[in-house]
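# Tertiary structure, described
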Amino acid sequence: MQEILDAILNPGTTSADFAAIKLPESYRAVTLHKDEEQMFAGLDNRDKDPRKSLHLDEVALPELGPGEALVAVMASAVNYNTVWSSIFEPVSTFAFLERYGRLSPLTKRHDLPYHVVGSDLAGVVLRTGAGVNAWKPGDEVVAHCLSVELESADGHNDTMMDPEQRIWGFETNFGGLAQLALVKTNQLLPKPKHLTWEEAASPGLVNSTAYRQLVSRNGAGMKQGDNVLIWGASGGLGSYATQYALAGGATPICVVSNEEKARICRAMGAEAIIDRSAEGYRFWKDENTQDPREWKRFGSKIREFTGGEDVDIVFEHPGRETFGASVYVTRKGGTIVTCASTSGYMHQYDNRYLWMSLKRIVGSHFANYREAFEANRLIAKGKIHPTLSKVYSLEQTGQAALDVHHNKHQGKVGVLCLAPQEGLGVTDHELREKHLPAINLFRELDERSIRPNRNV
């Protein structure tokens, strides 16, 4: 493994040099163990501890198939799907691997008693399989997490509609929280040259998800002048939604849970910010009953920021806790677009406010290859910026997942894999210097360090 790292750190290493490196028989990876999938049975969600279920193991190098690439992973990141994997909710991911393994002799590789997790990476291509022409050893890449087979016509208009669509590192094996990773080469995108490895690894899943959910015609189709309500606006998804709203001429109404997160939204350039804790919203009277009076109070607060207008789009991902309020506050003919349910999957809302006001609920899940390409292109051009707040070592992945599970993070948290330290991988220093305040924004959590920056 040291030979691989030395080659990456040496700027003179050629593609032929990378192709000549002897691959190791095994590598270190963050895994779940199939024989532990019942370890949290009977515990409340919050009491399930990823530090107990995520292991750092030495695992065998997988066989490289046609149309695939083996990537040396310099850095990765933790997403909510890593948390869900680690606490075996809503189901154990080994069910996904078993199902995938039945598809073909090649996919059988994924059905193992361990699961290498992680749906982000930044690194260097080491090998490509048969039929690959667009990528070669030595290419610096990031990976989006859409894995598709595309053997059905259903996926050829929008690859997210492929019946065999999966999320790499969640519904497939050999994910990015490891020293090496196996991906399909149509997951690869050029690494933004002005970013470090850990910065480049952090946007992948959430940036592409936010792009499809908010900007794409497959999502809300946001336009200039729209009022956009963004739940968790300083978080992994919401921080990108806030940037897209600002960059696209919309007005984000940012919902956060404390003043520290409100300061981050102001620093991104947002002006309409609702601190849920300060306002004391209680959308549920008890476990089974919502409080429409709180929906109305919330809607009144929104209209204070919009000149009396209701929101055109709600960027939804908390789910059960907020969904009733989201449907209520959306303007007539508006759109609630949802991509997750971090507070619970069983949503409840008053359907009168949906059907009688001709609102739409749009389900959105990750992004197709084109959407992921466009989202990464905006990162590479310095139009949208990574929201990395903290970086952990591979050994600390369990703690990183616990922090995300308990919402103790801002933006995204990164994980160093092969990279020996932070700050490596930048090749376009001029572009980096131009955008450095925006790049570092989420790492500057000290109140004295955060200053409003309307150019983010």
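Here the structure is a predicted model, which is why all the values come from computation and not from measurement.

## Digging into helix 11 (residues 292-306)
- Here helix 11 spans 21 Å end to end across 15 residues, near enough to the 21 Å set by a 1.5 Å rise per residue.
- Burial in helix 11 covers these residues: Glu-294, Trp-295, Phe-298, Gly-299, Lys-301, Ile-302 and Thr-306. Down the axis of helix 11, the buried side of the element spans an arc of 160°, and every buried residue falls inside it. Those residues of helix 11 that are exposed and angled more than 90 degrees off the buried face are Arg-293 and Glu-304.
- The N-terminus of helix 11 is capped by Asp-291, whose side-chain oxygen sits 3.1 Å from the backbone nitrogen of Arg-293.
- At the exit of helix 11 stands Gly-307, carrying a positive phi of roughly 70°.

## A short note on the packing of helix 7 (residues 204-215) against helix 8 (residues 238-247)
- Interhelical geometry of helix 7 versus helix 8 gives an angle of 50° and a closest axis separation of 9 Å. By the angle between their axes, helix 7 is oblique relative to helix 8. For the pair helix 7 and helix 8, the crossing hand works out as right-handed. Two secondary-structure elements touch here, helix 7 through Val-206, Asn-207, Ala-210, Tyr-211, Leu-214 and Val-215 and helix 8 through Tyr-240, Ala-241, Tyr-244 and Ala-245.
- When grouped by side-chain class, the residues that make up the contact of helix 7 with helix 8 number 9 nonpolar, 1 polar and no charged.

## Here's the deal with the sheet that holds strand 4 (residues 114-116)
- Ordered in space as 2-1-4, the 3 strands form an open sheet in which the pairing is antiparallel. Among the strands making up the open sheet, the edge pair consists of strand 2 (55-60) and strand 4. Across the sheet, the mean angle from the axis of one strand to that of its neighbour is 60°, orientation sign disregarded.
- Here strand 1 (residues 26-33) runs beside strand 2; their pairing, made up of 6 bridges, is antiparallel. Paired with Ser-26 across the two strands is Ala-60, which belongs to strand 2.
- Running at roughly 95° to strand 4, helix 5 (residues 94-101) makes contact with strand 1 and strand 4 of the sheet.

## Notes on the packing of aromatic side chains
- Taken as a whole and judged by the stated rule, the model has 13 aromatic pairs.
- Note on Trp-231 and Phe-283: the rings are 6.1 Å apart at their centroids and 90° apart in plane angle, and the pair reads as edge-to-face. In this pair, Trp-231 sits in strand 11 (residues 227-231) while Phe-283 sits in the loop between helix 10 (276-279) and strand 14 (284-286), placing the two residues 52 residues apart along the sequence. Of the two residues examined, Trp-231 and Phe-283, each falls in the buried class.
- When the ring of Trp-295 is compared with that of Tyr-328, the centres are 5.8 Å apart and the planes differ by 40°; the resulting orientation is tilted. Of this pair, Trp-295 sits in helix 11 while Tyr-328 sits in helix 12 (residues 320-329); the two residues are 33 residues apart in sequence, bridging distant segments of the chain.
- Counting every residue linked through ring pairs, the aromatic cluster contains Trp-231, Tyr-281, Phe-283 and Phe-298.
- The aromatic ring of Trp-197 is capped on one face by Lys-191, whose charged end is 5.2 Å from the ring centroid.

Cut-offs and rules
- Residues numbered from 1 in each chain as written.
- Predicted model: local features only at pLDDT ≥ 70, side-chain atom pairs only at ≥ 80, totals over all residues.
- Heavy atoms only, no water.
- Helix = DSSP H or I, 4+ residues; strand = E, 2+ residues; numbered from the N terminus.
- Expected span 1.5 Å × (residues − 1).
- Buried < 20%, exposed > 50% of the residue type's maximum accessible area, 1.4 Å probe, protein only.
- Arc of directions from axis to C-beta.
- Polar contact = N/O pair within 3.5 Å; in protein donor to acceptor, adjacent residues only side chain to side chain.
- Axes fitted to C-alpha atoms, helices over the stretch in contact; angles between N-to-C directions.
- Parallel < 35°, antiparallel > 145°, perpendicular 65-115°, else oblique.
- Left-handed = near helix turned anticlockwise from the far one by under 90°.
- Contact = heavy atoms within 4.5 Å.
- Nonpolar A, V, L, I, M, F, W, Y, C, P; charged D, E, K, R; others polar.
- Pairing = 2+ DSSP bridges.
- Phe/Tyr/Trp six-rings, centres within 6.5 Å; stacked < 30°, edge-to-face > 60°.
- Lys NZ or Arg CZ within 6 Å of the ring centre and 35° of its normal.

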